Every structure is written in C-alpha cells, then in structure tokens.
Amino acid sequence: MGFNCGIVGLPNVGKSTLFNALTSTAAAQAANYPFCTIEPNVGRVALPDARLDTLARIAKSAKTIPTQLEFVDIAGLVRGASRGEGLGNQFLANIREVDAVVQVLRCFEDPDVTHVEGSVDPVRDAETIETELMLADLDSLERRVVSVGKKAKGGDKDAKAQIDVMEPVLAALRDGRSARSVALDDDGRAILKTLGLLTSKPVLYVCNVEEAAAATGNAFSERAAAMAAAQGAAHVVISAAIEAEVALLPDAAEKAEFLEALGLKETGLAQIIRAGYELLHLITFFTVGPKEARAWTLPKGLKAPQAAGVIHTDFERGFIRAETISFADFVACGGEAGAKEAGKMRLEGKDYLVQDGDLFHFLFNV
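Calculation notes
The residue count restarts for each chain, going from 1 along the sequence in the order it is written. A pLDDT threshold of at least 70 governs which residues receive local features in this predicted model, and a stricter bar of 80 or more applies before side-chain atom pairs are shown or counted, although totals over entire chains, interfaces and linings include all residues. The basis for the side-chain values is all heavy atoms of the structure; hydrogens and waters are excluded. Note on conventions: DSSP H or I runs of at least 4 residues are helices, E runs of at least 2 residues are strands, and numbering of each starts at the N terminus. Exposure classes here rest on a 1.4 Å probe applied to the protein chains alone. A residue is buried below 20% of its type maximum, exposed above 50%, and partly exposed in between. Contacts: residue pairs with any heavy atoms within 4.5 Å of one another. Both site types are read off a 1 Å grid over the protein atoms alone. A 1.4 Å probe that fits but cannot get out defines a cavity, while an open set with protein on both sides within 12 Å along at least five of seven lines defines a pocket; lining residues have an atom within 4 Å of a point. Grid points are joined across faces, edges and corners, and a volume is the space filled by probe spheres set on the points. All residues other than Ala, Val, Leu, Ile, Met, Phe, Trp, Tyr, Cys, Pro, Asp, Glu, Lys and Arg, Gly among them, are scored as polar; the first ten of these are nonpolar and the last four charged.

Draft legend 1. Structural context of the environment of S239. Here S239 lies in the loop between β7 (234-238) and α8 (240-248). Exposure remark for S239: the relative accessible area of 1% places this residue in the buried category. Those residues in contact with S239 that sit more than four places away from it in its chain are N208, V209, E210, E211 and A214.

Draft legend 2. Focus on unusual backbone geometry. With a phi close to 55°, K60 is a non-glycine residue in the positive phi region. Relative to the elements of secondary structure, K60 occurs in the loop between α2 (50-59) and β3 (63-65). Since its relative accessible area comes to 68%, K60 is described here as exposed. The phi dihedral of H281 is positive, around 55°, even though this residue is not glycine.

Draft legend 3. Inspection of empty space enclosed by the protein at higher detail. Per the counting criterion, the structure on display carries 2 cavities of 30 Å³ or more. In this structure, the largest cavity occupies an estimated 70 Å³ of space. If you trace the largest cavity, you find it lined by F286, T287, V288, E323, T324, I325, F330, E336, M345, L359, F360 and H361. Looking at the lining of the largest cavity, the elements that each hand over two or more residues are β8 (282-288), β10 (319-325) and β12 (359-364). Here the lining of the largest cavity is built from residues that sort into 7 nonpolar, 3 polar and 2 charged. Taken as a whole, the second largest cavity spans an internal volume of roughly 30 Å³. Lining the second largest cavity are V101, Q103, E130, L133, R180, L198, K201 and V203. Within the lining of the second largest cavity, the residues separate by chemical class into 4 nonpolar, 1 polar and 3 charged.

Take a look at the structure:
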C-alpha cells in the first residue's frame, strides 16, 4: 500500500534543493532505512519513529524496518499551466497521481536567485498555484457534469450521487474556492476522491527560509502560516540550504551537533515526513520478533483484517483473529512474554479498529 506526496512550487523556490536533500538523506541512511529511487524524480523516505527502535531493543530484533512515504518532485509550475504554459500539462498530469501536495513557498530574499514574479511573496505564490489547479479542475468538471447530469435525469442512481457532489464543488470552483473546501459527508468524500480533482488533495505548506531564520521563521513565513491557518492547512518552516548541508554529514552525532548549534531539535525533513504522514491520516502498527521489528502504514479507520492485508493479501483473505498488544503495554511489560503474563495481550476479531501503535500477530487460514 503506497502513499505519496508531490512536492510542487514555482521555479526558484528551493523545491529541487529540498527534494535532493530529502533523497540524499534517505540514501545516506540506507543501512538502516531502506531507500529506493524508482524514477529520477521519485524517492522513498523513512518515517522517523522512536517507538520502532524501542521495540527492537526490547525484543532484541536483528534489524529494524521503518514505514515509508514516497515523495515525487513535480515539474515547476508557472502562470498559465492550466492552459499548457511551461510544463503545465506534465505538471497537472503528475499532480493527479499523488495523494497529497507539499507546496514549497519561497520565504527568503536572495538577489542572486531570481524570482519569476520579480519579488518575494509566498501568499501570492500559493494563490498562483491554487488558481492554476482550480482552473484545471473547473475545465475538467464542467465537461464531465454535462454527461453525468444526463444520466442522473435518466434515473441513474450512481450518477445522481455524483451530481450531488459535483454541483457544490463546481459552485465553489467558480467562486474561487478549492474542491477540498466543500463540506461533504463520508459518501460524498468517497465520490469526490474518484473525480481526481487537483484541489481536492490535502496540502502541506513548506516555508523555505534563509538559514538564520530556520529556528524562528521570518515575516514571510509568518504570512504563509496565517494563510495556512485560515485554510485549515498544515505548514512547517525549514531551510532547504540547511537540509542540503545536513544531508552531506555522514555521522548522526555530527548531524545532531550541527542542528543544535543552529537551535534546531530535528531536521526540517523529519518535520515534513511526519507532517506528510499526518496529512494523509495514516497510522502505524508494528510486527516484532527476533529477526526484525517492522513498522507498517495504514489509513486511520481501518480494521484488523485490512491491516493484515497490508502485510500479505492471504493474511486478509484467511483472517481468523489478531493477537494484539498496545505499544505502551509492550514497553511497560518488558516485551511480549511479559505482556502475555500480565494479561495485556488481547485476541481481536474482524471488527477490531486498528489503533496507532498496535503490535500484531495475525492468525489466518487459506
């Protein structure tokens, strides 16, 4: 089960610097955190999770395998992308394929790096990208609503359900609002997802500041943060230049010392990865044994058989029950044996809703 975030932005905002640092960091950690470059602009990175190391230490696991997110470096966007300007068609095609959007905003002044708009204004830049995406969605939806509307008038129930979603979304787009701004129930959100609209995807704003402002932010990033808050969107403040330097340091202790000297507790990349995970409403469950301690990714709200299916489809198909221990109980009891002895291992059935941090042994029969 793959989840990916597309990194987007105008030219010269630090998007490629960020992506290169992201993938360099992952590659440097390959001994412990598997890294895979699928294409030149796609990289998988490990989700920082101290719980996994704790589980491995208690269980004396030979290795740890973290859960991962995929990041896609999408071609830069310019005004007119919705009409095919620049690499517009490629940009729009690529962004349709991702689950969430990480939008990099330039929040630094640098006379040596030209801004395509002639000045630094992260809110304007975000609006430029959002406008192009809304125009593309508007064009797509206006063409589709005609044919679906005819089917709905003919009594097609599925088409009627689609129209009930399309019409308020179309009204929002015409009013200059994104598809994700429309309030829908669970069924409506499921239909919205099938429409493949660009502005229906969740957004994380990454404010790229100069090195001196990495710990505190600056006036530009404060404006971007206010915009994100007004939209109900998430944001992080990083310095892509610092991330590029950190990626070159081979030793974890050196990285920590370098960050501490700058007043930073962790890399901006760690913030982005974690925020991307939260943006997609994902949770982590674990499998632990002497060979390996492994983290697995699952969308919130799914049940035990679906978690089993993440590991192998046969596990879901033949699911019987799941031996389950919470992370807190595993740690408090000193491992699986202690948890069993203390009565903290539970047998959960097909209706069990998976909780973040659950440890599982799946019993199945096929």
